[in-house]
Amino acid sequence: EPLKVRASFYHSHLLGTEMYQTLYREGDGCLMDLASQPIWHFDDQATFPLDSKNLTIAPGDVVQSTCVYNSMSRNEATEMGISTYQEMCFANLLTEHSAKGVNLREVRA
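Residues numbered from 1 in each chain as written. Predicted model: local features only at pLDDT ≥ 70, side-chain atom pairs only at ≥ 80, totals over all residues. Heavy atoms only, no water.

Another point: the sheet that holds strand 6 (residues 62–69). In space, the three strands of this open sheet follow the order 3-2-6, with antiparallel pairing throughout. Whereas interior strands pair on both sides, the edge strands pair on one side only; in this sheet they are strand 3 (30–33) and strand 6. Geometrically, the sheet is characterised by an average inter-axis angle of 25° between neighbouring strands, direction not taken into account. The pairing of strand 2 (residues 16–25) with strand 6 spans eight bridges and is antiparallel. The residue of strand 6 that forms the bridge with glutamine 21 is serine 65. (Pairing = 2+ DSSP bridges. Helix = DSSP H or I, 4+ residues; strand = E, 2+ residues; numbered from the N terminus. Axes fitted to C-alpha atoms, helices over the stretch in contact; angles between N-to-C directions.)

What makes a disulfide is a covalent bond joining the sulfur atoms belonging to two cysteines. Taken as a whole and assessed by the stated rule, the structure comprises one disulfide. Each sulfur of the disulfide joining cysteine 67 and cysteine 89 lies 1.5 Å from the other. Taken together, the residues cysteine 67 in strand 6 and cysteine 89 in strand 7 (residues 89–96) connect sequence positions 22 residues apart. Since its relative accessible area comes to 28%, cysteine 89 is described here as partly exposed. (Disulfide = S-S within 2.5 Å. Buried < 20%, exposed > 50% of the residue type's maximum accessible area, 1.4 Å probe, protein only.)

Our next topic: the nonpolar core. Within the largest apolar cluster, 13 residues are counted, with the highest numbers of intra-cluster contacts made by Val5, Tyr10, Met19, Leu23, Leu34, Leu50 and Leu55. Sorting the residues of this core by element identifies strand 1 (3–12) and strand 2 as the ones contributing at least two each. (Core = buried A, V, L, I, M, F, W, Y, C linked by side-chain atoms within 4.5 Å.)

Our next topic: the pairing of strand 3. Examined bridge by bridge, strand 2 and strand 3 share four bridges and lie antiparallel to one another. Directly across from leucine 23, in strand 3, lies its bridge partner methionine 32. Here strand 2 folds back onto strand 3 in antiparallel fashion, the turn holding four residues, of which glycine 29 has a positive phi close to 70°.

Moving on, we come to the packing of aromatic side chains. To describe a pair of aromatic rings, you give the distance between the ring centres and the angle between the ring planes. Per the counting criterion, the structure on display carries one aromatic pair. Between tyrosine 10 and phenylalanine 48, the ring centres sit 6.3 Å apart and the planes meet at 50°, which makes this aromatic pair tilted. Remark: phenylalanine 48 occurs in strand 4 (residues 47–49) and tyrosine 10 occurs in strand 1; sequence separation between them is 38 residues. For the pair tyrosine 10 and phenylalanine 48, one class covers both residues: buried. (Phe/Tyr/Trp six-rings, centres within 6.5 Å; stacked < 30°, edge-to-face > 60°.)

So far we have only geometry, and geometry alone does not tell us how the molecule works.
Dropping the structure here:
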């Protein structure tokens, strides 16, 4: 069953400058943008709503994420890691999943 796409969220550290995410639907060859951010700032990490696009992800679809970094100001290699001075790249999608047959009153943390 296809998943409804609600929003996208990107995360990188200080060197991240651009974040892209696309959805390729193999059945019709359609390529859709998922709120890519050609100008991205560490201090402006927001969730980007996609409800108005009425998108779904179905089996066989391909999601591609691309993160662009600029380390020209550094003299040493930058390691991947959780520190703000290291780097990482997350490109997330918030999706809606069916809960058919699940009694939410019985679900416990």
